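# Close look at the chain arrangement
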Amino acid sequence: MSYPYLSDVIRDLTGIDLPLPIATFGLLVACAIMAGAECLKRELARLYAAGRIGPAHKRVKGDAGVVSEVAVPPQEIVNDLAFVVVLVGVVGARLFHILEHTDQFMADPWSMIFSRSGLSVFGGLILGTVAGVICVRSWKLPIRPLLDAVAPAMMLGYALGRVGCQVSGDGDWGTAANMALKPEWLPTWFWAQTYDNNIFGEVLAAPGVYPTSVYETVMALACFALLWKLRKHQFKSGWLFSVYLVLAGLERLLIEQIRVNPKFALGSVQASQAEIVALALALAGAVGVLLLSRRSGALQAPEAF
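To keep things clear, this report deals only with the structure shown in the data block. Small disclaimer: the values here were computed from a predicted structure and weren't measured.

## What about unusual backbone geometry?
Looking along the chain, the bond that leaves A206 and enters P207 is cis, with omega of 5°. Take P207: it is sitting in the loop between α7 (143-168) and α8 (212-230). Phi angles above zero are rare outside glycine, and Y195 is one such case at about 50°. Among the secondary structure elements, Y195 is positioned in the loop between α7 and α8. A residue is classified by how much of its surface remains accessible, and Y195, at 2% relative accessible area, is buried. Positive phi is not limited to glycine here, since N197 has a value of about 65°. Mapping N197 onto the fold places it in the loop between α7 and α8.

Spelled out as structure tokens, the structure:
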């Protein structure tokens, strides 16, 4: 069962029909952003206290209109960073979706631009990261330690964001489920769902499709736990973010095997946009892990990059 709006949840739980046109997807994504931001604040506070990251330098305007630069603990810039990254990330997510469906865009561009659906996670990740790096440099913070700090937060946010996909039934589901392959001990809902009352009003034939958003939430939470455990590593800065890229890429490569997405011809190989980007991220992360897998000094000064 899907619950596109908060009113659907209340109706199912209490039988009361309230006019609350609040999208559950947006609500849960907002919760995911707040959880990720809180995770990042805690990690930045730890790194700052340990002397691994220096203060952020922000430009503020005084009462007389004079602009000055003040130094603040890095965790205090998280809200500003999250706002910029999310805003640019949404634009990137929509842009990558359009690039994946150019035929639909050419036929009706405005409906795709302003649609409630059609967001590419990797588009948001790539452009959002670029915007974040620009902000970090403007605050005179080192990039690689910040990327390490944000890695667990990004994975946690992704995991919780996929809950929004699942609850609203936004179309991020898989191919038709093969019930003959289902282990007897596994609950049916974990193998196949029909997403009744999904936000598109699409009818899925029983037994349903693979609930890939559930699988992604489980895998991303496991990846978050691993990244959180590894966050106190003694390798070079940037190593943990490289591990994040490997995990994020492999997770998406796996899930794409049971997802329906447009395929592009790469010579004799057919691959979706998500598979191409996921493979590139995993390879880039693997290179980073190899290059940065050298122990750094236990007592090192705040880094400049």
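## Points about the pattern of salt bridges
Tallying each qualifying case throughout the model produces 11 salt bridges. The salt bridge partner of R46 is E43, with a shortest N-O separation of 2.6 Å. With R46 and E43 both in helix α2 (residues 24-49), this residue pair falls three residues apart, about one helical turn. R46 sits in the partly exposed class, given a relative accessible area of 25%. For R162, the salt bridge goes to E216, with nearest N and O atoms at 3.1 Å. Residue R162 is found in helix α7, and its partner E216 is found in helix α8; the two are separated by 54 residues along the sequence. In the salt-bridge network here, residues are joined through shared partners; they are R162, D172, E216 and R259.

Criteria and thresholds
- The residue count restarts for each chain, going from 1 along the sequence in the order it is written.
- A pLDDT threshold of at least 70 governs which residues receive local features in this predicted model, and a stricter bar of 80 or more applies before side-chain atom pairs are shown or counted, although totals over entire chains, interfaces and linings include all residues.
- The side-chain figures draw on all heavy atoms in the structure; neither hydrogens nor water molecules are used.
- Each helix corresponds to a stretch of at least 4 residues labelled H or I by DSSP, and each strand to a stretch of at least 2 residues labelled E; elements are numbered beginning at the N terminus.
- Burial classification: accessible surface area is computed with a 1.4 Å probe over protein chains only, and a residue below 20% of its type maximum counts as buried, one above 50% as exposed, and the rest as partly exposed.
- In the sections that follow, a salt bridge refers to a side-chain nitrogen of Lys or Arg positioned within 4 Å of a carboxyl oxygen of Asp or Glu.

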